[in-house]
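Listed below are the residues making up each chain.
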Amino acid sequence: MDYRLNFDAVWRDFDLLLSGLGLGLSLAVVSIFIGSFIGLLAAFAMISKNNLWRRIAVFYVTAIRNTPILVLIFFTFFALPQLGLRLGKIESFVFTLTIYSGAYLTEVFRGGLVALPVGLREAGLAIGLTEWGTKIWVIIPVMIRSVLPALSNNFISLFKDTSLAAAIAVPELTFYARQINVNTFRVIESWAVASLMYVSACYLIAAGLRLLERKLAIP
Amino acid sequence: MANPLMVIENLHKKFDKMEVLKGVDLTINTSDVVSIIGSSGSGKTTLLRCVNLLEEFHEGRILIDGEEIGYTKKNDKRHRLSSSILAQHRALTGMVFQTFNLFPHLTALKNVTLGLRKVKRMKKEEAIETARHWLNRVGLLNWQDHHPGQLSGGQQQRVAIARAIAMNPKLMLFDEVTSALDPELVNEVLSVIKDLADDGMTMLLVTHEMHFAYDVSTTVIFMNEGKIGEQGPPSELFQNPKSQRLAEFIKNSTF
Ligand SMILES: Nc1ncnc2c1ncn2[C@@H]1O[C@H](COP(=O)(O)OP(=O)(O)O)[C@@H](O)[C@H]1O
Ligand SMILES: [Mg+2]
């Protein structure tokens, strides 16, 4: 094998890779943030006594979780414009990842909700909180703490899914890595550096979330 | 004679087809301490939960200070009120549960201030002052910054009492609040309740502590198969039970 490693080309464009990583992180943060609200609402719908809400939530989660995310990305980007909804590629990807993360987070939150003791809701109601007040001040804060480890795994996995945005030319880390690869033929170097950057980012996210877990832990 | 604080009229409650309350009538006046005794499954918990509107009921009315709670009549049809009005009605009574049900993510102090802040909309300082007053009354001022998981069962139950009573309810409901406690922790909770009763707090309590019921109650009620079997002052009920059922129940109870 006479491939000689030379990282010069990669370092020259390292700022591009960094900006790509930054964009990927932003896409993940925005999508996960909005997706969490969708997930919370859908999780409450799933355990609600109302048949219609429950069916809608089940349909949503089932449909999204059984479609490959790349198909969802292409569907939003290529098919929705045909239906009259034209989005830029970044908006389109955020839309997809939001819907996608919402479905996965629904499952996480639902699991947390059903594991709570019933007495918790009743105690909230008994002091005069409304159903929504009880959810906001009691149910959600306790539930979130119990699902934090599962949430962390989902966040990391959703962040890694931003690499698929390269498929519709969103200029994130994977997109630039491929660009450098194609332009410079430094195949190993570009993908090795990109991989390392993903690993480091995931490591930092995990560490941050563990810190949060510890801070929020119920004594 | 002043108007009664709470009136229960002909209360019926079914779970699916099983009728658990079969027409309960009960009047409670201010500062009454009413104890409900009776065997397991006779409907004591269900009665309290109906008063706190945690259960729906199918027939009958509950009035507090003359106002019907939980339901309204529109065009002769009975409607359950909306969540926000139910919440207001629920705040008229304070409920203490067998299993404490404290908010595990909040300190003892915040367990008490939550309702003061979010329901009563008190200012932070006022809420803290009120909560500290009641935590002091139940002997837990030094524990205000501890979480429920760091407290003993007896301490948790006393926080739960402070949390309920700080909301200034007209009527306190206690559902077998000592039956989940280790025996050596029972008395610290009972003495808090006794103290509140001596202070004139109106109470409806379910208990298996016969000695306590005898001591603290103005009225004792014997629930039997979803109905009030007997009712009267403790001395009368415990010493001269009229029915065979109550006589047996008392004989089998420990004092
Ligand atoms: N959520 C429920 N669903 C169905 N049946 C119930 C429910 N809660 C209580 N019951 C039934 O109602 C009856 C009265 O229960 P309860 O009020 O808890 O009795 P007590 O407190 O006197 O022991 C029992 O037969 C019990 O099984
Ligand atoms: Mg009971």
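Everything numeric in this text was worked out from a predicted model, so none of it was measured.

Considerations on the overall build of chain B
Here is step 1: Each helix and strand in chain B was counted, giving nine helices and twelve strands.
Here is step 2: Relative to the globule expectation of 18 Å for 255 residues, the C-alpha radius of gyration of chain B, 18 Å, shows essentially globular dimensions.
Here is step 3: Across its three principal axes, chain B shows a C-alpha extent of roughly 50 × 50 × 40 Å.
Here is step 4: Taking all 255 residues of chain B together, 55% fall into the buried category.

Examining the pattern of salt bridges
Residues and elements named next belong to chain A.
Here is step 1: Applying the stated criterion across every chain yields a total of 15 salt bridges over all chains.
Here is step 2: Here glutamate 131 ties to arginine 121 by a salt bridge, and the two come within 3.0 Å at their closest N and O atoms. Within this pair, whereas glutamate 131 is found in helix α7 (residues 131-161), its partner arginine 121 is found in helix α6 (residues 118-126), the two being separated by ten residues in sequence.
Here is step 3: Under the relative-accessibility criterion, glutamate 131 is labelled partly exposed at 25%.

A short note on the confidence of the model for chain B
Here is step 1: Summarising the model, chain B shows a mean pLDDT of 95, and 99% of its residues fall at 70 or more.
Here is step 2: With a pTM of 0.91, the predicted complex shows an ipTM of 0.94.

Some remarks on the environment of B:Leu21
All names here are of chain B.
Here is step 1: Following the sequence through the fold, leucine 21 ends up in strand β2 (residues 18-28).
Here is step 2: Under the relative-accessibility criterion, leucine 21 is labelled buried at 0%.
Here is step 3: For the pair leucine 21 and cysteine 50, spaced 29 residues apart in the sequence, the C-alpha separation amounts to 10.0 Å.
Here is step 4: Aside from chain neighbours lying at most four places away, what touches leucine 21 is Leu11, His12, Lys13, Gly43, Thr46, Leu47, Cys50, Met223 and Gly226.

Some thoughts on the sheet that holds strand β5 (residues 67-68) of chain B
Residues and elements named next belong to chain B.
Here is step 1: Read across the open sheet, the four strands follow the order β2-β1-β4-β5; overall the sheet is antiparallel. Strand pairing shows two members of the sheet lacking a second neighbour, β2 and β5, which therefore form its edges.
Here is step 2: The strands touched by helix α1 (residues 44-51) are β1 (6-15), β2 and β4 (59-64); relative to β1, the strand with the most contacts, the crossing angle is about 120 degrees.

Some words on the nonpolar core
Here is step 1: In this structure, B:Met203 and B:Leu204 are the most contacted members of the largest nonpolar core, which totals 139 residues.
Here is step 2: For this core, the leading source of residues is α7(A), giving twelve residues.
Here is step 3: Leaving out residues up to four positions away in the same chain, B:Met203 has contacts with B:Asp32, B:Val33, B:Val34, B:Leu171, B:Met172, B:Phe174, B:Ile193, B:Leu196 and B:Ala197.

Structural notes on the sheet that holds strand β10 (residues 203-206) of chain B
All names here are of chain B.
Here is step 1: Reading across the sheet, the six strands line up as β8-β9-β10-β3-β11-β12 and stay open at both edges, with mixed pairing between neighbours. The sheet is open, and its two edges are formed by β8 (93-96) and β12 (227-232), each paired on a single side. Strand after strand, the sheet turns through a mean of 20 degrees between neighbouring axes, direction not considered.
Here is step 2: Relative to strand β11 (residues 219-224), strand β3 (residues 33-37) is paired through four bridges, and the arrangement is parallel. Looking at the pairing, valine 34 lines up with threonine 219 of β11.
Here is step 3: Its contacts with the sheet place helix α6 (residues 183-198) against β3, β9 (171-175) and β10, and it is angled at close to 155 degrees to β10.
Here is step 4: The strands touched by helix α9 (residues 244-251) within the sheet are β3, β11 and β12, with β11 carrying the most contacts at an inclination of about 105 degrees.

Quick notes on the interface of chain B and chain A
How big an interface is tends to be stated in terms of the accessible area lost upon association of its parts.
Here is step 1: Across the contact, 25 residues belong to chain B and 19 residues belong to chain A.
Here is step 2: At the boundary of chain B with chain A, total buried surface from both sides reaches about 1,900 Å², with 71% on carbon and sulfur atoms.
Here is step 3: A salt bridge links A:Glu122 to B:Arg49, with the nearest nitrogen and oxygen atoms 2.7 Å apart.
Here is step 4: Where chain B meets chain A, there are four residue pairs in polar contact (both at pLDDT 80 or more).
Here is step 5: Elements with a minimum of two residues in the side of chain B that touches chain A: α2 (83-90), β8 and α3 (108-118) of chain B.
Here is step 6: The element that contributes the greatest number of residues to the side of chain B that touches chain A is α2(B), accounting for four residues.
Here is step 7: Across the side of chain B that touches chain A, the residue classes tally to eleven nonpolar, ten polar and four charged.

Re the site of ligand 1
Residue and element names in this part refer to chain B.
Here is step 1: Taken together, Phe15, Met18, Val20, Ser39, Ser40, Gly41, Ser42, Gly43, Lys44, Thr45 and Thr46 make up all the residues around ligand 1.
Here is step 2: Threonine 45 places a polar side-chain atom, nitrogen or oxygen, 2.7 Å from an oxygen atom of ligand 1.
Here is step 3: Protein burial of ligand 1: of its 560 Å² of free accessible surface, 59% is covered by the chains.
Here is step 4: The element that contributes the greatest number of residues to the shell around ligand 1 is α1, accounting for three residues.
Here is step 5: Taken together, the residues that form the shell around ligand 1 break down as three nonpolar, seven polar and one charged.

What to know about unusual backbone geometry
Here is step 1: A positive phi is found at B:Leu53, a non-glycine position, where the angle reads about 60 degrees.
Here is step 2: Structurally, B:Leu53 is set in the loop between α1 and β4.

Here's the deal with the pairing of β8(B)
Residues and elements named next belong to chain B.
Here is step 1: Neither face of β8 is left uncovered, since the one carrying Thr93 and Met95 and the one carrying Gly94 and Val96 both have all their residues buried.
Here is step 2: As judged from the four bridges shared by β8 and β9, these two strands associate in the parallel manner. Within β9, the residue paired with threonine 93 across the bridge is leucine 171.

As for the environment of A:Ile90
Residue and element names in this part refer to chain A.
Here is step 1: As for its placement among the helices and strands, isoleucine 90 is situated in helix α5 (residues 89-115).
Here is step 2: Between the alpha carbons of isoleucine 90 and lysine 160 there is a distance of 16 Å; along the sequence they are 70 residues apart.
Here is step 3: When neighbours within four sequence positions are excluded, isoleucine 90 is seen to be in contact with Leu23, Leu27 and Val170.

Definitions and cut-offs
- Residues numbered from 1 in each chain as written.
- Chains lettered and ligands numbered in written order.
- Predicted model: local features only at pLDDT ≥ 70, side-chain atom pairs only at ≥ 80, totals over all residues.
- Heavy atoms only, no water.
- Helix = DSSP H or I, 4+ residues; strand = E, 2+ residues; numbered from the N terminus.
- Rg over C-alpha atoms; globule rule 2.2 N^0.38 Å.
- Buried < 20%, exposed > 50% of the residue type's maximum accessible area, 1.4 Å probe, protein only.
- Salt bridge = Lys/Arg side-chain N within 4 Å of Asp/Glu carboxyl O.
- pLDDT = per-residue confidence, 0-100.
- Contact = heavy atoms within 4.5 Å.
- Pairing = 2+ DSSP bridges.
- Axes fitted to C-alpha atoms, helices over the stretch in contact; angles between N-to-C directions.
- Core = buried A, V, L, I, M, F, W, Y, C linked by side-chain atoms within 4.5 Å.
- Buried area = accessible area lost by both parts, 1.4 Å probe.
- Polar contact = N/O pair within 3.5 Å; in protein donor to acceptor, adjacent residues only side chain to side chain.
- Nonpolar A, V, L, I, M, F, W, Y, C, P; charged D, E, K, R; others polar.
- Near = heavy atom within 4 Å.
- Areas by Shrake-Rupley, 256 points an atom, 1.4 Å probe, with all protein chains shown as cover.

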